[in-house]
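# Report on the structure
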Amino acid sequence: MKIEYIEDIDLLREVGSHWLAEHRGKEYGFDVTVDTIIADTKAWLESGNGAVIALVDEKAGYVGFMSIFCMCDFLGLKAVAFEKYWYVMPGYRAGGLLMVNEAKRWAKEQGAAHLIMSASVMASGMYDSLCLLYERVGMMPFEKSYICEL
């Protein structure tokens, strides 16, 4: 597996469809589609300093993606990088470590003082595994959010 940076977000539709099959948004009252994620990612890319990291398998093609953005820190005066979306298809999840390490490298290259990545219960059933991955690469818990439908 290897990492690529891509600008044509539409290339990730199939990966996005796999993510949607695992997504638990309806349980939380969200009606998410691949089109919504693609449109949101395009808007973020157009508005500032961001990138889309893709995980590529030689035979299967795109098997994962991560959108990441760098902006002014809301807690101080330094830049912070944020992961907005990321997903790796089953069978290729070992490549997630490559993506996290690449996100850290990219963020540092952008001059970010910190990288904030989220683990979402809603996004998939990978919450606990993702938290362990983050801790293995030297990250520490930052906040815990709660939600209710209104």
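Per-chain numbering applies: the sequence of each chain, read as written, is numbered from 1 onward. Local features in a predicted model are, by the rule used here, given only for residues with pLDDT of at least 70; side-chain atom pairs are given and counted only at 80 or more, and totals for whole chains, interfaces and linings are based on all residues. Based on all heavy atoms of the structure, the side-chain values leave hydrogens and waters out of the count.

### Regarding the overall build of the chain
Here is the rule: Runs of H or I in DSSP of at least four residues are treated as helices and runs of E of at least two as strands, each being numbered from the N terminus. Computation of the radius of gyration draws on C-alpha atoms, with the globule rule given as 2.2 Å multiplied by the number of residues to the power 0.38. Burial here depends on accessible area, computed with a 1.4 Å probe over protein chains only, as a share of the maximum for the residue type. Under 20% is buried, over 50% is exposed, and the range in between is partly exposed. Residue contacts follow a heavy-atom distance rule, with two residues in contact if any of their heavy atoms lie within 4.5 Å. The protein chains shown are the only cover counted for residues, whose accessible areas, like all others here, come from Shrake-Rupley with a 1.4 Å probe. Counted as positive: Lys and Arg. Counted as negative: Asp and Glu. His and the chain ends are not counted at all. Lys charges are placed at NZ, Arg charges at CZ, Asp charges at CG and Glu charges at CD.
Counting secondary structure elements, the chain contains four helices and five strands. For the chain, the N- to C-terminal ordering of α and β elements is β-α-α-β-β-β-α-β-α. What you see for the chain is a C-alpha radius of gyration of 15 Å, in line with the 15 Å of a compact globule of 150 residues. By its C-alpha atoms, the chain is 45 × 40 × 30 Å across when sized along the principal axes. The 150 residues of the chain split such that 37% are buried. Look at the contacts in the chain between residues 6 or more apart in sequence, and 64% of them connect residues 24 or more apart. Accessible area for the chain stands at about 9200 Å²; split by element, carbon and sulfur atoms hold 56% of it. Once the 14 positive and 21 negative side-chain charges of the chain are each reduced to a mean point, those two points are 5 Å apart.

### Focus on the state of the cysteines
Applicable threshold: Disulfide: a pair of cysteine sulfur atoms within 2.5 Å of each other.
In this structure the tally under the stated criterion is zero disulfides. Between C70, a cysteine without a disulfide, and C72, which holds the nearest cysteine sulfur, the sulfur-to-sulfur distance is 9.6 Å. When its relative accessible area of 9% is taken as the criterion, C70 is described as buried. By relative accessible area, C72 is classed as exposed at 61%.

### A few points about helix α3 (residues 96-109)
Using the following cut-off: One fewer than the residue count of a helix, multiplied by 1.5 Å, yields its expected span. The arc in question is the one traced by the directions running from the helix axis out to the C-beta atoms.
For α3, which comprises 14 residues, the first-to-last C-alpha distance of 20 Å matches the rise-based estimate of 20 Å (1.5 Å per residue) to within 8%. Those residues of α3 not exposed but buried are G96, M99, V100, E102, A103, W106 and A107. The buried residues of α3 occupy one face: seen down the axis, they fall within an arc of 165 degrees. Of the exposed residues in α3, those oriented more than 90 degrees away from the buried face are K108 and E109. In this structure, the buried residues of α3 make contact with β1 (2-5), β2 (49-57), β3 (61-72), β4 (79-88), β5 (112-116) and α4 (127-136). G111 sits one or two residues past α3 and shows a positive phi near 90 degrees.

### Some points on the pairing of β5
Both faces of the sheet carry side chains from a regular strand, because those side chains alternate between them. Stated precisely, the cut-off is as follows: Here, a strand pair is defined by DSSP locating no fewer than two bridges between the strands. Seen with its strands pointing away from the viewer, a crossover is right-handed if its path from the first strand over the helix to the second goes clockwise.
The sheet contact formed by β4 and β5 spans four bridges and is parallel. Residue pairing for β5: A79 is matched across the bridge by A112. Once you follow β4 into α3 and on to β5, the crossover reads as right-handed.

### Focus on the packing of helix α1 (residues 13-22) against helix α2 (residues 34-47)
Filter applied, for reference: Simply put, an axis is a line fit to the C-alpha atoms, just over the touching stretch for a helix, and the angle between two N-to-C directions goes from 0 to 180 degrees. Angle categories are assigned with fixed cut-offs, so that under 35 degrees is roughly parallel, over 145 is roughly antiparallel, 65 to 115 is roughly perpendicular, and the rest are oblique. In this scheme the handedness of a crossing depends on how the near helix is turned from the far one: anticlockwise by less than a right angle means left-handed, clockwise means right-handed.
The N-to-C vectors of α1 and α2 enclose an angle of 125 degrees; their axes lie 9 Å apart at closest approach. Between α1 and α2, the crossing angle belongs to the class labelled oblique. When the axes of α1 and α2 are compared, the crossing they make is right-handed. Contact with α1, carried on its side by R13, G16, S17, W19 and L20, involves V34, D35, I37 and I38 of α2 and no other residues of that element.

### A few points about α4
For α4, the full list of buried residues reads L130, L133 and Y134. For α4, the arc enclosing every buried residue in end-on projection is 100 degrees, short of the 170-degree limit, so these residues lie on one face. Structural note: α4 exposes D128, L132 and R136 on the side pointing more than 90 degrees away from its buried face. Next to the buried residues of α4 lie β4 and α3. At the exit of α4 stands G138, carrying a positive phi of roughly 90 degrees.

Scope: geometric values only; no functional claims are made or implied.
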